[in-house]
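Residues per chain, in single letters:
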Amino acid sequence: MSNFNDRLFYKRLKLIEAPHNILTTKVKDFDFKLYDAPQLSVEMIDIMLFHAGRGLSANQLNLDARIFVMQKSSGEFVTSINPKIISKSEKTQIDAEGCLSYPNIFLEISRPQSVEVEYYDEHENKVTEFLTGIDARCFQHELDHLNGVVYTSKVSSLKVQRAKTRAKKQTKNNYTINNSNIMGVHNGTGSKNRIRKI
């Protein structure tokens, strides 16, 4: 049994916010002998949901392993281990993206509209599937994280600065964005919608 089988180990995981070196570091391949994948999967999903996220990668928790979790538009939770993209569509789409490690920073990012992907789930089953729309976008965003690529690097520094300025104003005014056109908005039962970051 691995030393990582103690659930309390995973409970010590904390969300990393920028700036932090791990967010721009390509992480190592996931080792099923070192980590208890099913347990780690549960903990990562717990943390993702606690922070109202749609996706969460290992290096956002300061873990050096190629694993991320995400929730598909269908509601299904996916654990993606040692993921890769087999093919991408030529057609791209621009949509707003947020990130748990960059609170309240929303940027318009262009990405392929659909992707064919391959990964292992938490039970070491190999999965190949075709993703489109928000699911494709989320997968690409989280895979970027594992490669040390952050979404702020995909737009100009001016656009990032403007987004940071907007975020500061929203925080100062205790303002919550309510826009169903923004990717990943979670329409809850409350009076305000919470944006789900990836």
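Residues numbered from 1 in each chain as written. Predicted model: local features only at pLDDT ≥ 70, side-chain atom pairs only at ≥ 80, totals over all residues. Heavy atoms only, no water.

Draft legend 1. Fine view of the confidence of the model for the chain. The predicted model of the chain averages 85 in pLDDT, with 81% of residues at 70 or higher. Counting interchain partners and residues more than four positions distant, the pLDDT-below-50 stretch residues 1-8 has 15 contacts. Contacts for the low-pLDDT stretch residues 176-194, under 50 throughout, to residues beyond four places or in other chains number 37 contacts. (pLDDT = per-residue confidence, 0-100. Contact = heavy atoms within 4.5 Å.)

Draft legend 2. Looking closely at the sheet that holds strand β2 (residues 67-71). If you trace the five strands from one edge of the open sheet to the other, you get β1-β2-β3-β6-β7, paired in antiparallel fashion. At either end of the open sheet lies a strand with only one pairing partner, and these are β1 (55-57) and β7 (126-132). Strand-to-strand twist of the sheet, defined as the mean angle between neighbouring strand axes without regard to direction, takes the value 40°. As paired strands, β2 and strand β3 (residues 77-88) are joined by five bridges and run antiparallel to one another. For Val69, the partnering residue across the bridge sits in β3 and is Thr79. Strands β1, β2 and β3 of the sheet are contacted by helix α2 (residues 37-50), whose axis makes an angle of about 50° with β2. On top of the sheet, helix α3 (residues 133-146) reaches β1, β2, β3, β6 (114-120) and β7; it is set at about 160° to β2, its chief contact. (Pairing = 2+ DSSP bridges. Helix = DSSP H or I, 4+ residues; strand = E, 2+ residues; numbered from the N terminus. Axes fitted to C-alpha atoms, helices over the stretch in contact; angles between N-to-C directions.)

Draft legend 3. Layout of α2. Spanning 14 residues, α2 covers 20 Å between terminal C-alpha atoms, matching the ideal 20 Å at 1.5 Å per step. Positioned one or two residues after α2, Ala52 has a phi angle of 60°, which is positive. (Expected span 1.5 Å × (residues − 1).)

Draft legend 4. Region of interest: the side chain of Ser101. Within the secondary structure, Ser101 sits in the loop between β4 (92-99) and β5 (102-112). Judged by its relative accessible area of 1%, Ser101 falls in the buried class. In contact with Ser101, other than residues within four places in its own chain, are Leu15, Ile16, Glu17, Ala18, Leu23 and Gln60. (Buried < 20%, exposed > 50% of the residue type's maximum accessible area, 1.4 Å probe, protein only.)

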